[in-house]
There are 2 protein chains.
Amino acid sequence: MTATTSTLGFAILAVLARADSTGYEIAGRMRHPIGRFWTASYSQIHTDLQRLLAADLVEYATAPGPGPQDKKVYSITAKGLGALRDWVTQPPRPQPERDELVLKTYAAWLADPATLIEMFRTALRQHEERLAEYESAWVAVEERAPAFGTPGFGNMATLRCGLTYERHRAEWCRWMIDQLSRSLEPS
Amino acid sequence: MTATTSTLGFAILAVLARADSTGYEIAGRMRHPIGRFWTASYSQIHTDLQRLLAADLVEYATAPGPGPQDKKVYSITAKGLGALRDWVTQPPRPQPERDELVLKTYAAWLADPATLIEMFRTALRQHEERLAEYESAWVAVEERAPAFGTPGFGNMATLRCGLTYERHRAEWCRWMIDQLSRSLEPS
DNA sequence: ATTCACTATGTCATTTCTGACATAGAGGGG
DNA sequence: CCCCTCTATGTCAGAAATGACATAGTGAAT
(Lines give C-alpha, C1' and ligand atoms only; values in the text may rest on other atoms or scores of the structure.)
Protein backbone atom coordinates (compact mmCIF):
# COMPACT_ATOMS: atom_id res chain seq x y z
CA MET A 1 0.00 0.00 0.00
CA THR A 2 2.57 2.53 1.12
CA ALA A 3 4.55 3.55 -1.94
CA THR A 4 7.90 2.48 -0.49
CA THR A 5 10.01 5.34 -1.77
CA SER A 6 13.62 4.66 -0.91
CA THR A 7 15.68 7.00 1.22
CA LEU A 8 17.46 8.14 -1.92
CA GLY A 9 14.07 9.13 -3.31
CA PHE A 10 13.60 11.50 -0.40
CA ALA A 11 17.11 12.85 -0.85
CA ILE A 12 16.15 13.74 -4.42
CA LEU A 13 12.90 15.30 -3.25
CA ALA A 14 14.85 17.33 -0.68
CA VAL A 15 17.00 18.70 -3.50
CA LEU A 16 14.01 19.52 -5.69
CA ALA A 17 12.22 21.20 -2.78
CA ARG A 18 14.99 23.79 -2.88
CA ALA A 19 15.28 24.27 -6.64
CA ASP A 20 14.11 22.69 -9.87
CA SER A 21 17.00 20.73 -11.34
CA THR A 22 18.07 18.39 -14.12
CA GLY A 23 19.20 14.89 -13.18
CA TYR A 24 22.76 15.98 -13.73
CA GLU A 25 22.37 18.88 -11.32
CA ILE A 26 20.84 16.58 -8.71
CA ALA A 27 23.85 14.30 -9.04
CA GLY A 28 26.10 17.32 -8.50
CA ARG A 29 24.28 18.23 -5.31
CA MET A 30 24.46 14.62 -4.17
CA ARG A 31 28.22 15.00 -4.24
CA HIS A 32 28.15 18.39 -2.60
CA PRO A 33 26.78 19.23 -0.11
CA ILE A 34 24.63 16.13 0.48
CA GLY A 35 27.54 13.77 -0.17
CA ARG A 36 28.68 14.24 3.41
CA PHE A 37 25.68 12.30 4.70
CA TRP A 38 24.19 10.52 1.68
CA THR A 39 25.82 9.35 -1.55
CA ALA A 40 24.43 8.21 -4.88
CA SER A 41 25.74 7.79 -8.40
CA TYR A 42 23.95 9.23 -11.41
CA SER A 43 22.67 5.86 -12.60
CA GLN A 44 21.04 5.36 -9.24
CA ILE A 45 19.47 8.81 -9.30
CA HIS A 46 18.22 8.17 -12.82
CA THR A 47 16.51 4.95 -11.74
CA ASP A 48 14.96 6.62 -8.73
CA LEU A 49 13.75 9.62 -10.71
CA GLN A 50 11.74 7.25 -12.94
CA ARG A 51 10.21 5.75 -9.82
CA LEU A 52 9.34 9.16 -8.40
CA LEU A 53 7.91 10.12 -11.77
CA ALA A 54 5.71 7.03 -11.85
CA ALA A 55 4.48 7.81 -8.33
CA ASP A 56 3.68 11.42 -9.32
CA LEU A 57 6.03 12.79 -6.70
CA VAL A 58 8.02 14.70 -9.32
CA GLU A 59 7.32 16.04 -12.82
CA TYR A 60 9.52 17.55 -15.50
CA ALA A 61 9.56 20.15 -18.24
CA THR A 62 11.71 19.65 -21.31
CA ALA A 63 14.17 22.29 -22.43
CA PRO A 64 16.78 22.31 -25.21
CA GLY A 65 19.90 20.59 -23.92
CA PRO A 66 23.52 20.59 -25.02
CA GLY A 67 23.49 16.93 -26.06
CA PRO A 68 21.39 15.05 -28.60
CA GLN A 69 18.40 14.87 -26.28
CA ASP A 70 16.40 17.60 -24.61
CA LYS A 71 17.24 18.19 -21.00
CA LYS A 72 14.60 17.49 -18.38
CA VAL A 73 14.14 20.00 -15.62
CA TYR A 74 12.54 18.15 -12.74
CA SER A 75 10.39 19.75 -10.07
CA ILE A 76 8.64 18.42 -7.00
CA THR A 77 4.84 18.05 -7.12
CA ALA A 78 2.42 18.95 -4.33
CA LYS A 79 2.10 15.24 -3.62
CA GLY A 80 5.87 14.92 -3.49
CA LEU A 81 6.18 17.83 -1.08
CA GLY A 82 3.57 16.23 1.16
CA ALA A 83 5.41 12.90 1.14
CA LEU A 84 8.69 14.65 1.92
CA ARG A 85 7.16 16.59 4.80
CA ASP A 86 5.72 13.39 6.26
CA TRP A 87 9.00 11.55 5.93
CA VAL A 88 11.07 14.26 7.60
CA THR A 89 9.42 13.88 11.00
CA GLN A 90 9.22 10.07 10.85
CA PRO A 91 11.82 8.67 13.28
CA PRO A 92 14.72 7.24 11.27
CA ARG A 93 15.14 3.49 11.46
CA PRO A 94 18.45 2.61 13.13
CA GLN A 95 20.91 2.87 10.30
CA PRO A 96 23.79 0.46 9.61
CA GLU A 97 26.65 2.75 10.72
CA ARG A 98 29.55 1.44 8.69
CA ASP A 99 33.02 2.65 9.44
CA GLU A 100 36.07 1.01 7.95
CA LEU A 101 38.58 2.92 10.08
CA VAL A 102 36.94 1.72 13.28
CA LEU A 103 36.83 -1.83 11.97
CA LYS A 104 40.56 -1.61 11.29
CA THR A 105 40.99 -0.26 14.80
CA TYR A 106 39.23 -3.32 16.15
CA ALA A 107 41.99 -5.45 14.62
CA ALA A 108 44.75 -2.89 15.16
CA TRP A 109 46.35 -4.87 17.99
CA LEU A 110 47.72 -7.25 15.31
CA ALA A 111 49.59 -4.63 13.31
CA ASP A 112 52.68 -2.47 13.58
CA PRO A 113 52.11 0.58 15.83
CA ALA A 114 54.41 2.89 13.86
CA THR A 115 52.53 2.24 10.62
CA LEU A 116 49.24 2.70 12.44
CA ILE A 117 50.38 6.07 13.77
CA GLU A 118 51.03 7.17 10.22
CA MET A 119 47.57 6.02 9.15
CA PHE A 120 45.90 7.91 11.98
CA ARG A 121 47.98 10.99 11.29
CA THR A 122 46.69 10.97 7.71
CA ALA A 123 43.13 10.59 8.97
CA LEU A 124 43.68 13.39 11.50
CA ARG A 125 44.95 15.72 8.81
CA GLN A 126 41.86 15.08 6.68
CA HIS A 127 39.52 15.71 9.59
CA GLU A 128 41.33 18.89 10.55
CA GLU A 129 41.11 20.14 6.97
CA ARG A 130 37.38 19.54 6.86
CA LEU A 131 36.96 21.04 10.29
CA ALA A 132 38.66 24.24 9.15
CA GLU A 133 36.44 24.27 6.08
CA TYR A 134 33.30 23.85 8.18
CA GLU A 135 34.40 26.43 10.71
CA SER A 136 34.85 29.13 8.10
CA ALA A 137 31.50 28.20 6.56
CA TRP A 138 30.02 28.38 10.05
CA VAL A 139 30.99 31.98 10.72
CA ALA A 140 29.45 32.91 7.36
CA VAL A 141 26.20 31.11 8.14
CA GLU A 142 25.97 32.43 11.70
CA GLU A 143 26.09 36.01 10.45
CA ARG A 144 23.09 35.51 8.21
CA ALA A 145 21.29 33.54 10.96
CA PRO A 146 18.86 31.71 8.66
CA ALA A 147 15.33 31.45 10.01
CA PHE A 148 13.43 28.18 10.36
CA GLY A 149 11.23 27.74 7.30
CA THR A 150 14.02 28.69 4.90
CA PRO A 151 16.43 26.23 3.23
CA GLY A 152 19.29 28.02 4.98
CA PHE A 153 18.14 26.45 8.23
CA GLY A 154 18.79 22.99 6.77
CA ASN A 155 22.23 24.08 5.65
CA MET A 156 23.08 25.46 9.07
CA ALA A 157 21.79 22.41 10.93
CA THR A 158 23.67 19.87 8.80
CA LEU A 159 26.80 22.01 8.92
CA ARG A 160 26.57 22.04 12.70
CA CYS A 161 26.44 18.25 12.70
CA GLY A 162 29.46 18.05 10.41
CA LEU A 163 31.31 20.47 12.64
CA THR A 164 30.89 18.52 15.87
CA TYR A 165 31.47 15.25 14.01
CA GLU A 166 34.83 16.36 12.67
CA ARG A 167 35.79 17.61 16.10
CA HIS A 168 34.95 14.24 17.63
CA ARG A 169 36.87 12.41 14.95
CA ALA A 170 39.94 14.58 15.23
CA GLU A 171 39.88 14.19 19.00
CA TRP A 172 39.70 10.42 18.69
CA CYS A 173 42.53 10.29 16.14
CA ARG A 174 44.71 12.32 18.49
CA TRP A 175 43.89 9.95 21.31
CA MET A 176 44.76 6.96 19.10
CA ILE A 177 48.10 8.49 18.10
CA ASP A 178 48.86 9.18 21.74
CA GLN A 179 48.02 5.62 22.77
CA LEU A 180 50.05 4.11 19.96
CA SER A 181 53.01 6.36 20.72
CA ARG A 182 53.02 5.17 24.31
CA SER A 183 53.25 1.56 23.16
CA LEU A 184 56.40 2.49 21.21
CA GLU A 185 58.35 4.15 24.00
CA PRO A 186 57.18 3.07 27.46
CA SER A 187 58.58 6.03 29.43
CA MET B 1 45.98 -10.08 -8.95
CA THR B 2 44.91 -8.79 -5.58
CA ALA B 3 42.38 -11.23 -4.12
CA THR B 4 39.66 -8.61 -3.61
CA THR B 5 38.37 -9.77 -0.25
CA SER B 6 35.47 -7.58 0.74
CA THR B 7 35.50 -5.47 3.89
CA LEU B 8 33.11 -7.95 5.46
CA GLY B 9 35.70 -10.65 4.80
CA PHE B 10 38.18 -8.75 6.92
CA ALA B 11 35.57 -8.22 9.61
CA ILE B 12 35.17 -12.00 9.77
CA LEU B 13 38.94 -12.48 9.86
CA ALA B 14 39.15 -9.94 12.69
CA VAL B 15 36.67 -12.04 14.67
CA LEU B 16 38.52 -15.29 13.98
CA ALA B 17 41.85 -13.69 14.92
CA ARG B 18 40.45 -13.42 18.43
CA ALA B 19 38.81 -16.82 18.74
CA ASP B 20 37.83 -19.79 16.58
CA SER B 21 34.08 -19.61 15.96
CA THR B 22 31.17 -21.17 14.13
CA GLY B 23 29.35 -19.09 11.54
CA TYR B 24 26.58 -18.58 14.03
CA GLU B 25 28.99 -17.23 16.62
CA ILE B 26 30.53 -14.87 14.06
CA ALA B 27 27.04 -13.55 13.29
CA GLY B 28 26.55 -12.96 17.01
CA ARG B 29 29.73 -10.94 17.24
CA MET B 30 28.73 -9.00 14.14
CA ARG B 31 25.73 -7.81 16.11
CA HIS B 32 27.73 -7.16 19.24
CA PRO B 33 30.21 -5.59 19.57
CA ILE B 34 31.12 -5.09 15.88
CA GLY B 35 27.58 -4.09 14.97
CA ARG B 36 28.30 -0.55 16.13
CA PHE B 37 30.61 0.00 13.15
CA TRP B 38 29.92 -2.85 10.73
CA THR B 39 26.79 -4.91 10.18
CA ALA B 40 26.09 -8.14 8.34
CA SER B 41 23.35 -10.75 8.29
CA TYR B 42 24.08 -14.44 8.62
CA SER B 43 23.39 -15.17 4.97
CA GLN B 44 25.98 -12.59 4.02
CA ILE B 45 28.54 -14.04 6.44
CA HIS B 46 27.84 -17.52 5.11
CA THR B 47 28.54 -16.40 1.53
CA ASP B 48 31.71 -14.62 2.55
CA LEU B 49 32.99 -17.55 4.59
CA GLN B 50 32.83 -19.71 1.46
CA ARG B 51 34.88 -17.10 -0.34
CA LEU B 52 37.45 -16.93 2.44
CA LEU B 53 37.56 -20.72 2.48
CA ALA B 54 38.23 -20.84 -1.26
CA ALA B 55 41.03 -18.29 -0.83
CA ASP B 56 42.59 -20.33 2.01
CA LEU B 57 42.25 -17.45 4.43
CA VAL B 58 40.19 -19.56 6.82
CA GLU B 59 39.76 -23.29 7.48
CA TYR B 60 37.35 -25.29 9.60
CA ALA B 61 37.10 -28.37 11.78
CA THR B 62 33.84 -30.26 12.04
CA ALA B 63 32.30 -31.02 15.40
CA PRO B 64 28.96 -32.59 16.35
CA GLY B 65 26.29 -29.92 16.23
CA PRO B 66 22.83 -29.58 17.70
CA GLY B 67 21.06 -29.65 14.33
CA PRO B 68 20.99 -32.21 11.56
CA GLN B 69 24.41 -31.18 10.27
CA ASP B 70 27.78 -31.05 11.99
CA LYS B 71 28.84 -27.62 13.11
CA LYS B 72 31.89 -26.07 11.53
CA VAL B 73 34.35 -24.33 13.79
CA TYR B 74 36.24 -21.86 11.63
CA SER B 75 39.74 -20.61 12.33
CA ILE B 76 42.01 -18.15 10.58
CA THR B 77 44.97 -19.53 8.60
CA ALA B 78 48.49 -18.08 8.57
CA LYS B 79 47.70 -16.66 5.14
CA GLY B 80 44.51 -15.10 6.49
CA LEU B 81 46.34 -13.54 9.41
CA GLY B 82 48.87 -12.06 6.99
CA ALA B 83 46.13 -10.63 4.78
CA LEU B 84 44.38 -9.15 7.81
CA ARG B 85 47.59 -7.56 9.12
CA ASP B 86 48.25 -6.00 5.71
CA TRP B 87 44.70 -4.69 5.44
CA VAL B 88 44.69 -3.07 8.88
CA THR B 89 47.36 -0.50 8.05
CA GLN B 90 46.08 0.19 4.54
CA PRO B 91 44.47 3.64 4.54
CA PRO B 92 40.69 3.22 4.37
CA ARG B 93 39.06 4.43 1.18
CA PRO B 94 36.70 7.33 1.89
CA GLN B 95 33.57 5.57 3.04
CA PRO B 96 30.00 6.50 2.02
CA GLU B 97 28.89 8.02 5.33
CA ARG B 98 25.13 7.54 5.23
CA ASP B 99 23.04 9.20 7.88
CA GLU B 100 19.28 9.34 7.57
CA LEU B 101 18.80 11.72 10.51
CA VAL B 102 21.11 14.30 8.95
CA LEU B 103 19.34 13.91 5.61
CA LYS B 104 16.05 14.59 7.33
CA THR B 105 17.67 17.59 8.97
CA TYR B 106 18.63 18.91 5.55
CA ALA B 107 14.91 19.02 4.69
CA ALA B 108 13.76 19.90 8.23
CA TRP B 109 12.94 23.51 7.29
CA LEU B 110 9.81 22.14 5.55
CA ALA B 111 8.32 20.39 8.58
CA ASP B 112 6.65 21.24 11.85
CA PRO B 113 9.17 22.34 14.52
CA ALA B 114 7.25 20.84 17.45
CA THR B 115 7.19 17.39 15.84
CA LEU B 116 10.87 17.75 15.00
CA ILE B 117 11.70 18.55 18.60
CA GLU B 118 10.04 15.32 19.62
CA MET B 119 12.05 13.38 17.05
CA PHE B 120 15.32 14.88 18.24
CA ARG B 121 14.40 14.28 21.86
CA THR B 122 13.95 10.59 21.05
CA ALA B 123 17.31 10.54 19.28
CA LEU B 124 18.92 12.35 22.21
CA ARG B 125 17.57 9.83 24.67
CA GLN B 126 19.00 6.95 22.64
CA HIS B 127 22.40 8.58 22.42
CA GLU B 128 22.45 9.35 26.13
CA GLU B 129 21.57 5.75 26.91
CA ARG B 130 24.39 4.43 24.80
CA LEU B 131 26.75 7.03 26.21
CA ALA B 132 25.99 5.87 29.75
CA GLU B 133 26.55 2.28 28.61
CA TYR B 134 29.90 3.16 27.05
CA GLU B 135 30.99 5.23 30.02
CA SER B 136 30.48 2.40 32.47
CA ALA B 137 32.28 0.03 30.09
CA TRP B 138 35.06 2.59 29.87
CA VAL B 139 35.83 2.71 33.56
CA ALA B 140 36.02 -1.10 33.54
CA VAL B 141 38.41 -1.14 30.57
CA GLU B 142 40.58 1.67 31.89
CA GLU B 143 41.26 -0.24 35.09
CA ARG B 144 42.60 -3.24 33.24
CA ALA B 145 44.57 -0.94 30.87
CA PRO B 146 44.93 -3.47 28.02
CA ALA B 147 48.35 -3.44 26.36
CA PHE B 148 48.90 -3.04 22.64
CA GLY B 149 49.28 -6.47 21.08
CA THR B 150 46.30 -7.86 22.97
CA PRO B 151 42.70 -7.93 21.67
CA GLY B 152 41.72 -5.76 24.63
CA PHE B 153 43.47 -2.87 22.95
CA GLY B 154 41.08 -3.12 20.00
CA ASN B 155 38.13 -3.17 22.38
CA MET B 156 39.37 -0.10 24.21
CA ALA B 157 40.14 1.85 21.04
CA THR B 158 36.76 1.20 19.40
CA LEU B 159 34.98 1.92 22.68
CA ARG B 160 36.78 5.25 22.87
CA CYS B 161 35.52 6.09 19.39
CA GLY B 162 31.97 5.16 20.33
CA LEU B 163 32.25 7.27 23.45
CA THR B 164 33.26 10.49 21.72
CA TYR B 165 30.82 9.78 18.90
CA GLU B 166 27.85 9.52 21.23
CA ARG B 167 28.95 12.67 23.01
CA HIS B 168 29.08 14.55 19.71
CA ARG B 169 25.69 13.25 18.68
CA ALA B 170 24.04 14.09 21.97
CA GLU B 171 25.54 17.56 21.85
CA TRP B 172 24.24 18.11 18.34
CA CYS B 173 20.74 16.87 19.24
CA ARG B 174 20.65 19.29 22.17
CA TRP B 175 21.69 22.11 19.86
CA MET B 176 18.95 21.14 17.39
CA ILE B 177 16.30 21.06 20.11
CA ASP B 178 17.47 24.46 21.31
CA GLN B 179 17.31 25.94 17.81
CA LEU B 180 13.89 24.48 17.11
CA SER B 181 12.56 25.71 20.46
CA ARG B 182 13.66 29.23 19.61
CA SER B 183 11.69 29.12 16.37
CA LEU B 184 8.57 28.29 18.42
CA GLU B 185 8.75 31.10 20.97
CA PRO B 186 10.83 34.04 19.73
CA SER B 187 11.75 35.58 23.10
C1' DA C 1 2.35 -31.25 26.72
C1' DT C 2 3.39 -27.31 24.26
C1' DT C 3 5.49 -23.26 23.18
C1' DC C 4 9.45 -20.47 23.03
C1' DA C 5 14.28 -19.15 22.70
C1' DC C 6 18.75 -20.60 21.36
C1' DT C 7 22.11 -23.06 18.65
C1' DA C 8 23.34 -24.16 13.93
C1' DT C 9 23.31 -24.79 8.98
C1' DG C 10 22.06 -23.34 4.50
C1' DT C 11 19.10 -21.45 0.04
C1' DC C 12 16.81 -17.98 -2.70
C1' DA C 13 14.39 -14.02 -4.67
C1' DT C 14 14.53 -9.32 -4.73
C1' DT C 15 16.39 -4.96 -4.15
C1' DT C 16 20.11 -1.78 -4.03
C1' DC C 17 24.42 -0.01 -5.53
C1' DT C 18 28.55 0.46 -8.22
C1' DG C 19 31.24 1.14 -12.24
C1' DA C 20 31.69 0.88 -16.91
C1' DC C 21 29.92 2.00 -21.20
C1' DA C 22 27.49 4.75 -25.05
C1' DT C 23 26.13 9.24 -27.09
C1' DA C 24 26.88 14.08 -28.11
C1' DG C 25 27.38 19.13 -28.25
C1' DA C 26 29.84 23.39 -26.22
C1' DG C 27 33.88 25.67 -24.89
C1' DG C 28 38.73 26.21 -23.55
C1' DG C 29 43.83 25.13 -23.70
C1' DG C 30 47.83 23.53 -25.89
C1' DC D 1 43.62 20.46 -34.88
C1' DC D 2 43.20 17.66 -31.01
C1' DC D 3 42.20 16.73 -26.44
C1' DC D 4 40.04 17.57 -22.19
C1' DT D 5 36.32 18.98 -19.20
C1' DC D 6 31.67 20.04 -18.46
C1' DT D 7 26.93 19.58 -19.51
C1' DA D 8 23.34 16.06 -20.21
C1' DT D 9 20.97 11.74 -21.11
C1' DG D 10 20.61 6.90 -20.63
C1' DT D 11 21.75 1.30 -20.42
C1' DC D 12 23.65 -2.80 -18.41
C1' DA D 13 26.29 -6.37 -16.05
C1' DG D 14 27.61 -7.73 -11.81
C1' DA D 15 28.39 -7.22 -6.88
C1' DA D 16 26.56 -6.51 -2.41
C1' DA D 17 22.92 -6.63 0.95
C1' DT D 18 18.35 -7.75 2.83
C1' DG D 19 14.75 -10.61 4.45
C1' DA D 20 12.24 -14.61 4.19
C1' DC D 21 12.28 -19.40 4.17
C1' DA D 22 13.68 -24.36 5.37
C1' DT D 23 15.55 -27.77 8.68
C1' DA D 24 16.40 -29.59 13.27
C1' DG D 25 17.95 -30.61 17.99
C1' DT D 26 18.34 -28.91 23.09
C1' DG D 27 16.61 -26.91 27.20
C1' DA D 28 13.69 -23.96 29.94
C1' DA D 29 9.45 -22.10 31.13
C1' DT D 30 4.30 -22.25 31.07
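Along each chain, residue indices are assigned from 1 in the same order as the chain's sequence is written. Written order determines the labels here, with chains lettered from A and ligands numbered from 1. It should be noted that, the model being predicted, local features are given only for residues of pLDDT at least 70 and side-chain atom pairs only at 80 or more, the latter also being counted only at that level, while totals for whole chains, interfaces and linings use all residues. Only hydrogens and water are set aside; all other atoms, that is, all heavy atoms of the structure, feed into the side-chain values.

By the naming in an unreviewed UniProt entry, chain A goes by Transcriptional regulator and is assigned to Acrocarpospora macrocephala.

Some words on the interface of chain B and chain A
Every residue pair with non-hydrogen atoms within 4.5 Å of one another is taken to be in contact. Contacts between the two partners involve 70 residues from chain B, matched on the other side by 70 residues from chain A. Values labelled buried area give the accessible surface lost by two parts on being combined, using a 1.4 Å probe and summing over both. For the pair chain B and chain A, the summed buried surface comes to about 6900 Å²; carbon and sulfur atoms form 69% of the total. Salt bridge, as applied in this entry: a Lys or Arg side-chain nitrogen positioned within 4 Å of an Asp or Glu carboxyl oxygen. Remark: the boundary between chain B and chain A carries two salt bridges. Between A:Glu100 and B:Arg93 there is a salt bridge whose closest N-O contact spans 3.5 Å. Polar contacts, as used here, are pairs of N or O atoms within 3.5 Å; protein pairs need one atom able to donate a hydrogen and one able to accept it. Residues neighboring in sequence count only if both atoms are side-chain atoms. Our count for the contact surface shared by chain B and chain A stands at 22 residue pairs in polar contact (both at pLDDT 80 or more).

Notes on helix α2 (residues 23-31) of chain A
Residues and elements named next belong to chain A. All of the buried residues in α2 are Gly-23, Ile-26, Ala-27 and Met-30. For α2, the angular spread of buried residues about the axis comes to 100 degrees, placing them on one side. Across α2 from its buried face, at more than 90 degrees, point the exposed residues Tyr-24 and Arg-31. Helix numbers and strand numbers start at the N terminus; a helix is a DSSP run of H or I with at least 4 residues, a strand a run of E with at least 2. Along its buried surface, α2 packs onto α1 (7-16), α3 (42-54) and β2 (71-76). The cut-offs for exposure are 20% and 50% of the maximum accessible area for each residue type, with area from a 1.4 Å probe on protein chains only; residues under the lower value are buried, those over the upper are exposed, and the others partly exposed. To be clear, the arc concerns the directions from the helix axis to the C-beta atoms.

Quick word on the protein's contact with DNA strand C
In these notes, residues near a molecule or strand are those with any non-hydrogen atom within 4 Å of it. The local shell around DNA strand C holds 19 residues, among which A:Ser43, A:Gln44, B:Tyr24, B:His46 and B:Lys72 are the closest. Within 4 Å of the protein, atoms of DNA strand C come from sugar and phosphate in 70% of cases. In this structure, A:Gln44 approaches DNA strand C through a side-chain N or O atom, which is 2.7 Å from a phosphate oxygen. For the surface near DNA strand C, the secondary structure elements donating two or more residues are α3 of chain A together with α2 (23-31), α3 (42-54) and β2 (71-76) of chain B. The residue makeup of the surface near DNA strand C, split by class, is five nonpolar, nine polar and five charged. Basically, the charged four are Asp, Glu, Lys and Arg, the nonpolar ten are Ala, Val, Leu, Ile, Met, Phe, Trp, Tyr, Cys and Pro, and anything else, Gly included, counts as polar.

A short note on the relation of the copies chain B and chain A
Relating one copy of the chain to the other takes a rotation about an axis and a shift parallel to that axis. The superposition of copies rests on a least-squares fit of C-alpha positions from residues with pLDDT of 70 or more in both. Superposition of chain B onto chain A requires a rotation of 180 degrees combined with a translation of 0.0 Å along the rotation axis, giving an RMSD of 0.0 Å. What the rotation and shift describe, once combined, is the action of a two-fold rotation axis. Across chain B, the smallest distance between a C-alpha and the rotation axis is recorded for B:His168, namely 3.1 Å. The residues that chain B uses at the interface reappear at the interface of chain A in 100% of cases, marking a shared surface.

Considering the environment of A:Tyr42
All names here are of chain A. Tracing the chain through its elements places Tyr-42 in helix α3. Spatially, the C-alpha atom of Tyr-42 lies 9.0 Å from that of Met-30, the residues being twelve residues apart in sequence. If sequence neighbours within four positions are ignored, Tyr-42 has contacts with Gly-23, Tyr-24 and Ala-27.

Points about the UniProt feature "coiled-coil region" (unreviewed entry) in chain A
UniProt positions are given in the numbering used here, feature names are shortened, and annotations may be inferred rather than shown by experiment. Look at the UniProt record and you will see "coiled-coil region" (unreviewed entry) annotated at residues 117-144 of chain A. Between the first and last C-alpha atoms of residues 117-144 of chain A the distance is 41 Å; the span itself is 100% helix and 0% strand.

A closer look at the domain arrangement of chain A
Each assigned domain of chain A is listed with its residue range as follows: domain 1 (7-89) and domain 2 (100-184). Start and end positions for the domains come from either an automated domain assignment or a database one. Put simply, the middle of domain 1 of chain A and the middle of domain 2 of chain A, counted by C-alpha atoms, are 29 Å apart.

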